[in-house]
Amino acid sequence: MFTNKANERITYAHRGARAYAPENTMPAFHKALELGAEAIELDVNLTKDGYAVIFHDFVLTRTTNIAELKHLQKNGEKTGIHHLTLEEVRSLDAGKWYAESDPYEQIKSGTVPAKIAEGFTGTIIPTLDELLFFIKASNMLLNLEIKDQTKIDDNTHTIVHTILEHIQKHGLEERILISSFNHDYLKTIHAEMPEMALGILTEERIENPVEYCKQLNAVAYHPCRTFTTADDIKDLREAGILVNIWTINCEHELYAFANWGANGLISDFPDRAGTAIQLVTS
Ligand code: G3P
Ligand code: MG
C-alpha cells in the first residue's frame, strides 16, 4: 500500500512543476524533483490505439501545436488525444505554447525568464511507461489521476486495466495513489486490485467525506481548496484518512492548509509548498 504515513506532510507537484515548465511533460517532472517535491500529481488519458499518455485536457488546442498541423485535426478544434494514434500524439509539440503564452505572472515578472520558457519548444507528450521509469529511478511518490473518459466512450475496462498493467509491470504498487473524479473507476480498481491506494477526487463538497471514503475503500480524500475547512481535515485525519488538497498556489493558503494538518499540498509551485511545510514542521 502507498507509503505516505498519515502524519506526514508532503508536496505534490501539480501536473509536474507546472509554474516552471509545460504541464504534464518530462521537463515539468524533472523540475518537480529538482525543487524537492516528494510526489507528482499528473493526468492519464488514452490514445485512439489504446496507449496511456500523460495529458490533461479533453482537447489538444491549449497545450499543443495542433492548430498548425491540419492533417492531425480529426475533429477540428475539438480534436482530442482519443482521436489520434500514439504516433500522431508523439508528433505534437507540447512545449511551444508555454513560451508563447506566458502562462504565469512569474514569467512576466522575471522569476522564470521567458527565454527559459522558449527552451521547451520540441517537448513531447510522455507515455505512462516513460513516466513510470522516471518515478522508479527518482524514488518519488505519484498521484496518478485517471481522466474521466466516459463522455468519449464507456471504456472503463480499457483505461483502468491499461493503467493497472503498467503499475504491475513496473512494480510500483506501493508508490502510487490513484485518484479520479469518476468514482466508478475507483470501485473497479478496488475490485480488481484491492492493494492499490485510492483517493476520492471531488470538485464539490461531499456531505460526509469520512463515511464516503470508507464506503469506497479509499485511503485518501482529494478535495478542492475552495470548500475545504480545518474541521473537515481534522475529522478525516482522526479517521485515519489522508487529506490531499488541490490546487494551492498562494503562500498564505499553503501555510494555512499545512497548519490545519493536510497531508498533501497539491501545487503548481512545489517550492512554495515545501517552504510552507518546513515552516509548520520546524
Ligand atoms: O488531482 C488534483 C487536480 O489535478 C484535479 O484537477 O483538472 O487539475 O486535473 P485537474
Ligand atoms: Mg489532475
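What comes next is a walk through the structure.

Calculation notes
- Residues numbered from 1 in each chain as written.
- Chains lettered and ligands numbered in written order.
- Predicted model: local features only at pLDDT ≥ 70, side-chain atom pairs only at ≥ 80, totals over all residues.
- Heavy atoms only, no water.
- Core = buried A, V, L, I, M, F, W, Y, C linked by side-chain atoms within 4.5 Å.
- Buried < 20%, exposed > 50% of the residue type's maximum accessible area, 1.4 Å probe, protein only.
- Contact = heavy atoms within 4.5 Å.
- Donors = N, O, S within 2.8 Å, 3.2 Å for Na, K, Ca; no water.
- 1 Å grid on protein atoms, 1.4 Å probe; cavity = no way out; pocket = protein on both sides within 12 Å on 5 of 7 lines; lining within 4 Å.
- Points joined across faces, edges and corners; volume = space filled by probe spheres on them.
- Helix = DSSP H or I, 4+ residues; strand = E, 2+ residues; numbered from the N terminus.
- Nonpolar A, V, L, I, M, F, W, Y, C, P; charged D, E, K, R; others polar.
- Expected span 1.5 Å × (residues − 1).
- Arc of directions from axis to C-beta.

## Some details on the nonpolar core
Moving on, step 1. Leu131, Leu144, Ile178 and Leu265 are the most contacted members of the largest nonpolar core, which totals 72 residues.
Moving on, step 2. When near neighbours in sequence (up to four residues on either side) are disregarded, Leu144 contacts Leu42, Val44, Leu128, Ile163, Ile167, Ile176, Leu177, Ile178 and Ser179.
Moving on, step 3. In this structure, Ile66, Leu72, Ile81 and Val89 belong to the second largest nonpolar core, which totals 13 residues.

## Here's the deal with the coordination of the magnesium ion (ligand 2)
Moving on, step 1. Taken together, the protein ligands of the magnesium ion (ligand 2) are Glu41 (OE), Asp43 (OD) and Glu145 (OE), with distances of 2.0 to 2.2 Å.
Moving on, step 2. Read N to C, the donor residues that coordinate the magnesium ion (ligand 2) are spaced as E-x1-D-x101-E.
Moving on, step 3. Its relative accessible area of 5% is what places Glu41 among the buried residues.
Moving on, step 4. Overall, Asp43 belongs to the buried group, its relative accessible area being 1%.

## Quick word on the layout of surface pockets
Moving on, step 1. In this structure, the largest pocket encloses a volume near 550 Å³.
Moving on, step 2. As for the largest pocket, its lining consists of 27 residues, of which His56, Glu145, Lys147, Asp148 and Phe181 are closest to the centre.
Moving on, step 3. For the lining of the largest pocket, the elements supplying multiple residues, two or more each, are β2 (39–46) and β5 (141–146).
Moving on, step 4. Here the lining of the largest pocket is composed, by residue class, of nine nonpolar, nine polar and nine charged.

## Topic: helix α12 (residues 270–281)
Moving on, step 1. In this model, α12 (12 residues) spans 16 Å end to end at C-alpha, consistent with the 16 Å of a helix rising 1.5 Å per residue.
Moving on, step 2. For α12, every residue scored as buried is listed here: Pro270, Ala273, Ala276 and Ile277. Buried residues of α12, seen end-on, are gathered within an arc of 120° and therefore sit on one face of the element. Every exposed residue of α12 that faces more than 90 degrees away from the buried side is listed here: Gln278 and Leu279.
Moving on, step 3. Tucked into the core, α12 has its buried residues touching β1 (10–14), α1 (26–34), α11 (251–259) and β10 (264–267).

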